[in-house]
Structure formats: structure tokens, C-alpha cells
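# Chains, contacts and geometry: an overview
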Amino acid sequence: MEGQLTLLDMPQTKPDYHGATDEITRWSIEVDFENQIKLQKCPYCGKSPKEYFRSCHEYFVKCPHCGIKTKCHRHAYEAKQAWNRSEVIAGDKKQW
């Protein structure tokens, strides 16, 4: 039907590890999956956001211009997906 999304059009939310149990293989699949996600411009100021991390299990995306950011996520791809869904919180520069 015209105008409706099919399952093939829906973005994949998690990497498909194809049953791999090896850490290096899983990491490689995860990196490839993460690199396919393109960040949208900031929903408030229109500038380009940047990816950050606090530790190996704390990733977030932040706009360096206005300071809004996502909460910390366990995987970088989850932070990027949250940013693209506009799931942001007030940052350190400006309160929205």
C-alpha cells in the first residue's frame, strides 16, 4: 500500500551478530552497524552534533553549540539512535 512502511523499510535497532560468540567478531559487526547510523542535525539550533563517551559503556551524543545531549547509553549506536529520535536532555550551556 502506498505511503506505508514495510518491515524492510524499518531501521534495524540492534546489530545482527549472526550467532557469533567471538568478542572481536561481535565488536566488528557492532562497529559496522554503528557507522551506518548518520546523525541528524540538532533539533534546536541546526548544528552538527558530536559523539562522546565517558567510559567503555557510557556513550552519548551532544550538540557542542547549544549543549543539549542524550542520556548515557551502554552502546554508541543506542546513543545515536536516541539522538535521531530527539530523545535529548538539557545540556551544560543552555536550558531548553
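Look up: the structure comes first, before these words.
Residues numbered from 1 in each chain as written. Predicted model: local features only at pLDDT ≥ 70, side-chain atom pairs only at ≥ 80, totals over all residues. Heavy atoms only, no water.

## Describing the packing of helix α1 (residues 23–35) against helix α2 (residues 76–84)
Rules: Angular values range over 0 to 180 degrees, each being the angle between N-to-C directions of two axes fitted as lines to C-alpha atoms, with helices fitted over their stretch in contact. Where helices and strands are cited, they refer to DSSP runs of H or I of at least four residues and of E of at least two residues respectively, numbered from the N terminus. Roughly parallel here means an angle under 35 degrees, roughly antiparallel means over 145, roughly perpendicular means 65 to 115, and every remaining angle is called oblique. The handedness criterion is simple: a crossing whose near helix is rotated anticlockwise from the far helix by less than a right angle is left-handed, and one whose near helix is rotated clockwise is right-handed. Contact between two residues is taken to exist if any of their heavy atoms lie within 4.5 Å; hydrogens are not considered. Any residue that is not Ala, Val, Leu, Ile, Met, Phe, Trp, Tyr, Cys, Pro, Asp, Glu, Lys or Arg is counted as polar, Gly included; the first ten are nonpolar and the last four charged.
Contact geometry of α1 with α2 gives a least axis separation of 9 Å together with a crossing angle of 20°. In terms of axis orientation, α1 runs roughly parallel to α2. Crossing handedness for the pair α1 and α2: left-handed. Along the contact surface, α1 presents E30, F33 and E34, while α2 presents A76, Y77, K80 and Q81. When grouped by side-chain class, the residues that make up the contact of α1 with α2 number three nonpolar, one polar and three charged.

## Comments concerning the layout of surface pockets
Unfilled space is identified by rolling a water-sized probe across the atoms. Defined as follows: A cavity here means a set of 1 Å grid points, computed over protein atoms only, where a 1.4 Å probe fits but cannot escape. A pocket is an open set with protein on both sides within 12 Å along at least 5 of 7 lines, and lining residues have an atom within 4 Å of a point. Grid points are joined across faces, edges and corners, and a volume is the space filled by probe spheres set on the points.
In this structure, the largest pocket occupies an estimated 370 Å³ of space. Breaking the lining of the largest pocket down by element, the ones donating at least two residues are α1 and α2. Tallying contributions element by element places α1 first for the lining of the largest pocket, with six residues. Its residues assigned to classes, the lining of the largest pocket shows seven nonpolar, three polar and five charged.

Read these as layout, nothing more, since geometry by itself doesn't imply function.
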